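Spelled out from the first residue to the last, the chains are:
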Amino acid sequence: MVRRILSRLAGLAPLLFVISLLVFFIAQAGPADPVKDVLSQRMSAEQIEQIRAAYGLDRPAWEQYLTWLKDIVTDGGGLSFSARSPVSGIVFPAFVNTLILGAAATVLSVVLGVAIGFVSGIRHGRAADRVVMLLVQIGSNLPVYWFGLVVIWLTAVRWKWLPPGGMHDLRGDGGFGDLLLHLIAPAVAASLVSMLIIARFVRAAVIESEQSDYVRTYRSQGFGRAAILGKHIGRNILSPIVNTTGLTVGSVITGVVFVETIFSWPGIGTVLLNAIGGSDYPVIQSGILLVAATFVVVNLITDVLLDLLDPRLRHGGA
Amino acid sequence: MSTDTHGAAPPRLRRSFPARFVRNREAFLGLVVLVVVIGMSALAPWLAPQDPNLGDARNVLAPVGAPGHLLGTDDQGRDVLSRVIHGGRGALVVAIASVTVAVGIGTALGLLAAFAGRRTSGLLMRVVDLMFAFPVILVALSLAAIIQPGAWVLIGTVVFAAVPYVTRIVFAEARIEREKDYVEAARSLGASEAAIVRTEVLPNLISSVVIYGTSLVGVNIVFTASLSALGLGIQPPDADWGRMISEGAKVLVTGHPGVASFPAVAILLVALAFNWLGDGLRDVLNP
């Protein structure tokens, strides 16, 4: 077991290396000279050269890569081109905000997705199932951006239940309850796609297990449906649920970036979109690298969880 | 459908492909919607009642059903109906073209992985698995940083997102085909591995790939709409469904939901139609 986890950890290194190379490549392949783009045009060629040298843009690519990597690891990515302040001060707080929203969206998509899928699965073919599946089909074909708008319009404008955006009430105390209240609507919007993927998956898994031989055997021996559902089917589809959740983390991240702008959530998506507008490559690179690394780590956690859930591995085997 | 009145005729087990297709209500409905929408987009310059980019400052936010503006006008006084008719052109071309490219690449990779040695196959599928779950938005943001927001960002992102799906499907099916007798027979007759893949296995996978590609187009029209809404995709002044959603966002919250919602409904309808067509084709082609 421990050896398996260690080997998975070792597998991360080449992956992170490739991702970091690709992210480094973004600035190399960018459209124009970032310094010329951002700085005033009144400067002479020599002054521009000096600034390029100060940012290390005059050295060979591999050297820039190593310096860049060192900067990322030691102080979070050097200086921002446009704000001329440390990148870490811009990227990290936004990243934490995104993490909060992403975690809430993941929890929502698992809880609601499993609930919807389970109900639909055990009512397979009945009216409730048909209605749920129709809604699932419509929901999976709605643009997330528009769905987010409708959520704001309903919850904040029409019914006035929830705040229309932001993370905290500016006049409030900024406490945990306040954060939760601001979190509900964007989390629902961001979780739409992954929630429906999980719901479809759980429904199919429940239907399949209900028709399997072992469930028929239990049923013929007089076990109640609730007991079979809870103890046997539930346990058997637990690890596929974890697997599917891991696979939908990418969708959650994408969903979060889509809704951040709508809900004025001060997260990494907003920062990255602004940075792209201003060709601020240090910010773009650090932001993308941070999110990609998070994705890789979450993937690792999913794999380890799956190993832990697998009874064949639990008892010292493999 | 059939006109045989001879009671003695044996029941036909399989109808012809067009007959089965028309009998499949889902597929037929999907096809009809798509023909209408694609025809409308192609003929947009002649069909749209107004210039989609022509604003009228004296007639902003006209309600639905206003004279001359069936779906009202937006906050710049542009005719929403004309913009909806024009707004699908970019999105449809982008989604269909990039899914076609992705299907080509994915089929090639899937076949390669299925017929290559264990090590190549393992490495390839490991990469594909990672791409499969990767947050695609990062690809879109990176591309936007390199080549500036526009249709090419959408194309690159959709290709990246769709290739792993197609590769997995083709890989799984090709592995099954590989073990079948006809492949063994071809091999024993001296056919090379490449010839077996090209002339024996590939034709058997075409229908699955077409079915899958059809559904992928729908998924990606929905996805690229959100990218365009964020400003990463098709740029103004071109009318675009996704872009219209974010432009209508400002006025949606002030009680003019139509400006953002008509394009959203158009996207929903087209995406559903592609899904219906895909599902229907599956029932017809792979019963």
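The model shown is predicted, which means the values in this text are computed figures rather than measured ones.

A closer look at the overall build of chain B
- Assigned secondary structure in chain B consists of 11 helices and zero strands.
- Taken from N to C terminus, the helices and strands of chain B fall in the order α-α-α-α-α-α-α-α-α-α-α.
- If you line up chain B on its principal axes, its C-alpha atoms span 80 × 65 × 30 Å.
- Expressed as a percentage of its 287 residues, the buried residues of chain B come to 47%.

Re the overall build of chain A
- Counting secondary structure elements, chain A contains 14 helices and zero strands.
- Burial status across chain A gives 36% buried among its 318 residues.
- In chain A, once contacts between residues fewer than 6 apart in sequence are set aside, the share between residues at least 24 apart is 72%.

Remarks on the interface of chain B and chain A
- In this complex, chain B contributes 33 residues to the contact, which on the side of chain A involves 33 residues.
- Broken down by element, the residue count for the side of chain B that touches chain A peaks at nine residues, all from helix α6 (residues 136-147) of chain B.
- When grouped by side-chain class, the residues that make up the side of chain B that touches chain A number 26 nonpolar, seven polar and no charged.

Some remarks on the packing of helix α7 (residues 151-178) of chain B against helix α9 (residues 193-230) of chain B
Residue and element names in this part refer to chain B.
- Contact geometry of α7 with α9 gives a least axis separation of 9 Å together with a crossing angle of 155 degrees. Taken together, the axis directions place α7 and α9 in an arrangement best described as roughly antiparallel. With respect to the hand of their crossing, α7 and α9 are arranged in right-handed fashion. Mapping the contact onto sequence places L154, T157, V158, A161, A162, Y165, V166, I169, V170, E173, A174 and E177 in α7 and V201, N204, L205, S208, V209, Y212, L216, N220, T224 and L227 in α9.
- Grouping the constituent residues of the contact of α7 with α9 by class yields 15 nonpolar, five polar and two charged.

Some points on the nonpolar core
- B:A140, B:V158, B:A162, B:I245 and B:I267 are the most contacted members of the largest nonpolar core, which totals 153 residues.
- Per element, the largest residue contribution to this core is 17 residues, and it comes from helix α8 (residues 176-210) of chain A.

Thoughts on helix α11 (residues 238-262) of chain A
Residues and elements named next belong to chain A.
- In this model, α11 (25 residues) spans 34 Å end to end at C-alpha, consistent with the 36 Å of a helix rising 1.5 Å per residue.
- The sharpest bend along α11 measures roughly 35 degrees and falls at T248.
- Of the residues trailing α11, S264 is marked for its positive phi of about 40 degrees.

Thoughts on the environment of A:F223
All names here are of chain A.
- Considering the arrangement of structural elements, one finds F223 in the loop between α9 (213-220) and α10 (225-236).
- Look at F223 and you get partly exposed, because 14 C-beta atoms sit within 10 Å.
- Separated by 82 residues in the primary sequence, F223 and N141 place their C-alpha atoms 40 Å from one another.
- Excluding anything up to four places from it in sequence, F223 contacts Y218 and I228.

Description of the environment of B:V22
All names here are of chain B.
- The topology assignment puts V22 in helix α1 (residues 17-23).
- V22 gets classed as partly exposed once you count the C-beta atoms within 10 Å, which come to 15.
- Considered as a pair, V22 and V284 are 262 residues apart in the sequence and their alpha carbons are 9.7 Å apart.

Topic: the environment of A:S286
All names here are of chain A.
- Here S286 is to be found in helix α13 (residues 281-309).
- In this structure S286 comes out as buried when scored by C-beta crowding, with 28 C-beta atoms within 10 Å.
- In sequence terms S286 and L309 are 23 residues apart; their C-alpha atoms lie 34 Å from each other.

Remarks on unusual backbone geometry
- For the peptide bond that leads from B:P236 to B:P237, omega is 10 degrees, which places it in the cis range.
- You can see B:P237 is positioned in the loop between α9 and α10 (241-252).
- In this model, A:K160 sits at a positive phi of 55 degrees, which is unusual for a non-glycine residue.
- As for its placement among the helices and strands, A:K160 is situated in the loop between α7 (144-158) and α8.
- The phi dihedral of A:S264 falls on the positive side, at around 40 degrees, and the residue is not glycine.
- Following the sequence through the fold, A:S264 ends up in the loop between α11 and α12 (268-277).
- In this structure A:S264 comes out as partly exposed when scored by C-beta crowding, with 14 C-beta atoms within 10 Å.

Let's talk about the packing of helix α5 (residues 87-122) of chain A against α12(A)
All names here are of chain A.
- Put simply, α5 and α12 touch, their axes get as near as 7 Å, and they point 140 degrees apart. Considering their axes alone, α5 and α12 lie oblique with respect to each other. Contacts between α5 and α12 involve I90, V91, A94, F95 and T98 on the former and, on the latter, I268, G269, T270 and V271.
- Looking at the contact of α5 with α12, its residues break down into six nonpolar, three polar and no charged.

A word on the confidence of the model for chain B
Residues and elements named next belong to chain B.
- Per-residue confidence for chain B gives a mean pLDDT of 86; residues scoring 70 or more make up 94%.
- Note on residues 1-5: pLDDT is under 50 here. Beyond four places in sequence and across chains, it has three contacts.
- Predicted as a complex, the structure gets a pTM of 0.87 and an ipTM equal to 0.86.

Thresholds applied
- Residues numbered from 1 in each chain as written.
- Chains lettered and ligands numbered in written order.
- Predicted model: local features only at pLDDT ≥ 70, side-chain atom pairs only at ≥ 80, totals over all residues.
- Helix = DSSP H or I, 4+ residues; strand = E, 2+ residues; numbered from the N terminus.
- Buried ≥ 20, exposed ≤ 12 C-beta atoms within 10 Å, placed from the backbone.
- Contact = placed C-beta atoms within 7 Å.
- Nonpolar A, V, L, I, M, F, W, Y, C, P; charged D, E, K, R; others polar.
- Axes fitted to C-alpha atoms, helices over the stretch in contact; angles between N-to-C directions.
- Parallel < 35°, antiparallel > 145°, perpendicular 65-115°, else oblique.
- Left-handed = near helix turned anticlockwise from the far one by under 90°.
- Core = buried A, V, L, I, M, F, W, Y, C linked by C-beta atoms within 7 Å.
- Expected span 1.5 Å × (residues − 1).
- Bend = angle between axes of the 7 residues up to and from the residue.
- pLDDT = per-residue confidence, 0-100.

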